[in-house]
Amino acid sequence: MPDPDTQTTLCGLILAGGRARRLGGVEKGLADWQGRPLVATAVDALRPHCGALLISANRRLPDYRPWADRVVSDAPEFDDAGPLAGLLAGLRSAQGLGLAGVLVMPCDTPAVSAGIMGELAVAARQDPQRIVLARVSDRLHPLHGYYPAGLDAALQRYLEQGGRKVMGFAEAQQPRYLDLPIAPEVFRNLNAPEDWGPSGAD
Ligand SMILES: Nc1nc2c(ncn2[C@@H]2O[C@H](COP(=O)(O)OP(=O)(O)OP(=O)(O)O)[C@@H](O)[C@H]2O)c(=O)[nH]1
């Protein structure tokens, strides 16, 4: 019997399309983090598990291109609709590429490693028709998980009806939860200059 872990090709999706208001509008994914653009940390975490890697971005697209196979922008009708708009663009691309679904993470959680995303990838390949969400100490992380490509139509409807909550969408689709035995701080995201330490973000 074929090993399910190797039979399903996933599409990586890094969300970097937000306006980073708490950072004063700096392009967060391109801000320096330990000598590289922050987005590079998410590339490291996703690349080993994915047949194709997408970055969801809405500004400075050429600067993201070296880091991914494709940069995808939000549909104009969902401008400023939040992370779900980026997820929809990713699901549509995965469909176009014939891939099962997207293994997603935001650009701003640099401590989330390839090992952690690998655990989510294994869970996704066991049942590629279902959403998988990371859960750490009872807290859900719906932007770290797996979404089947075939949910694009349902997500489009949710957005058209004004839905903007990632958990609201995900929980309506009977997701699986993957409990990760790690410290909650690992999922800390960078939002404000002080999260970079005394010098702040560039
Ligand atoms: N494609 C896309 N991604 C988004 C959008 N809004 C937020 N994101 C991404 O979703 C993740 C979580 O975003 P937030 O922290 O809520 O928003 P942010 O824009 O990063 O920062 P704030 O404006 O300070 O809240 C980040 O990786 C963002 O880049 C959006 O409208 N489109």
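In every chain, residue numbers begin from 1 and rise along the written sequence. Reporting of local features is limited, given that this is a predicted model, to residues whose pLDDT is at least 70; pairs of side-chain atoms are given and counted only at 80 or more, and all residues count toward the totals for whole chains, interfaces and linings. The basis for every side-chain value is the complete set of non-hydrogen atoms in the structure, without hydrogens or water.

(A) Broad picture of the UniProt feature "binding site: Mg(2+)" (unreviewed entry) in the chain. Annotation from UniProt places "binding site: Mg(2+)" (unreviewed entry) at Asp108. A run of H or I in DSSP counts as a helix once it spans at least four residues, and a run of E counts as a strand once it spans at least two, with each numbered from the N terminus. With respect to the helices and strands, aspartate 108 occurs in the loop between β6 (101-106) and α5 (114-126). The contact criterion used throughout is that any non-hydrogen atoms of two residues lie within 4.5 Å. Not counting residues within four places of it along the chain, the set of residues in contact with aspartate 108 comprises Lys28, Leu38, Arg188, Asn189, Leu190 and Asn191. Contacts described as polar in this section are N or O atom pairs within 3.5 Å, which, within protein, must combine one atom able to donate a hydrogen with one able to accept it, while residues neighboring in sequence count only if both atoms come from side chains. Of the polar contacts made by the side chain of aspartate 108, one reaches the side chain of lysine 28; its length is 2.8 Å. UniProt positions are given in the numbering used here, feature names are shortened, and annotations may be inferred rather than shown by experiment.

(B) Focus on the packing of aromatic side chains. Between rings of Phe, Tyr and Trp, where Trp is taken as its six-membered ring, a pair exists when centres lie within 6.5 Å; planes separated by under 30 degrees are stacked, by over 60 edge-to-face, and by other angles tilted. Summed over all chains, the structure comprises two aromatic pairs. Taking the centre distance of 6.2 Å and the plane angle of 85 degrees together, the rings of tryptophan 33 and tryptophan 196 count as edge-to-face. In this pair, tryptophan 33 is assigned in strand β2 (residues 32-33) and tryptophan 196 in the segment after β9 (176-179), connecting sequence segments 163 residues apart. Like tryptophan 33, the residue tryptophan 196 is buried in the burial classification. When the centroid spacing of 5.5 Å and the interplanar angle of 55 degrees are considered together, the rings of tyrosine 158 and phenylalanine 169 count as tilted. Separated by 11 residues along the polypeptide, tyrosine 158 in helix α6 (residues 152-160) and phenylalanine 169 in helix α7 (residues 166-171) bring together distant segments of the chain. Only protein chains enter the calculation, and the probe is 1.4 Å; a residue is then buried if its accessible area is under 20% of its type maximum, exposed if over 50%, and partly exposed in between.

(C) How the structure looks around helix α4 (residues 83-97). For α4, spanning 15 residues, the distance from its first C-alpha to its last is 21 Å, which sits close to the expected 21 Å at 1.5 Å a residue. Positive backbone phi, approximately 75 degrees, marks glycine 98, located one or two places after α4. To estimate how far a helix should reach, multiply one less than its number of residues by 1.5 Å.

(D) Geometry of the confidence of the model for the chain. You can read pLDDT as the predictor saying how much it trusts each residue, on a scale of 0 to 100. Residues of the chain with pLDDT of at least 70 account for 95%, and the chain-wide mean is 94. pLDDT under 50 marks residues 1-6. Its contacts with residues more than four places away, or in other chains, come to five contacts.

(E) Examining the UniProt feature "domain: MobA-like NTP transferase" (unreviewed entry) in the chain more closely. Under the local residue numbering, the UniProt record ascribes the feature "domain: MobA-like NTP transferase" (unreviewed entry) to residues 12-168. For the annotated span residues 12-168, helix accounts for 33% and strand for 24% of the residues, and the straight-line distance between the end C-alpha atoms is 22 Å.

(F) Fine view of the site of the ligand. Leu15, Arg21, Arg22, Ser56 and Asp74 are the nearest of the 20 residues found near the ligand. Here an oxygen atom of the ligand sits 3.1 Å away from a polar atom, N or O, in the main chain of glycine 18. Measuring from an oxygen atom of the ligand, one finds a backbone N or O atom of alanine 20 at 2.9 Å. Alone, the ligand offers 610 Å² of accessible surface; in the complex the protein occludes 86% of this. Any residue with a heavy atom lying within 4 Å of a molecule or strand is counted as near it. Exposure was quantified through the Shrake-Rupley algorithm and a 1.4 Å probe, taking into account, for residues, occlusion by the shown protein chains and nothing else.

(G) Highlighting the sheet that holds strand β5 (residues 70-72). Should DSSP find at least two bridges between two strands, the strands are regarded as paired. Read across the sheet, seven strands follow the order β5-β4-β1-β6-β8-β7-β9 without closing on themselves; strand pairing throughout is mixed. Single-partner strands in this sheet number two, and they are β5 and β9. The sheet shows a mean angle of 30 degrees between the axes of neighbouring strands, direction not considered. Taken together, the four bridges between β6 and strand β8 (residues 139-148) define a ladder with antiparallel strand orientation. Following the sheet pairing, glycine 101 is matched in β8 by proline 148. To get an axis, fit a line to the C-alpha atoms, keeping to the stretch in contact for a helix; angles then go from 0 to 180 degrees between the N-to-C directions. On top of the sheet, α4 reaches β1 (11-15), β4 (52-56), β5, β6 and β8; it is set at about 160 degrees to β1, its chief contact.

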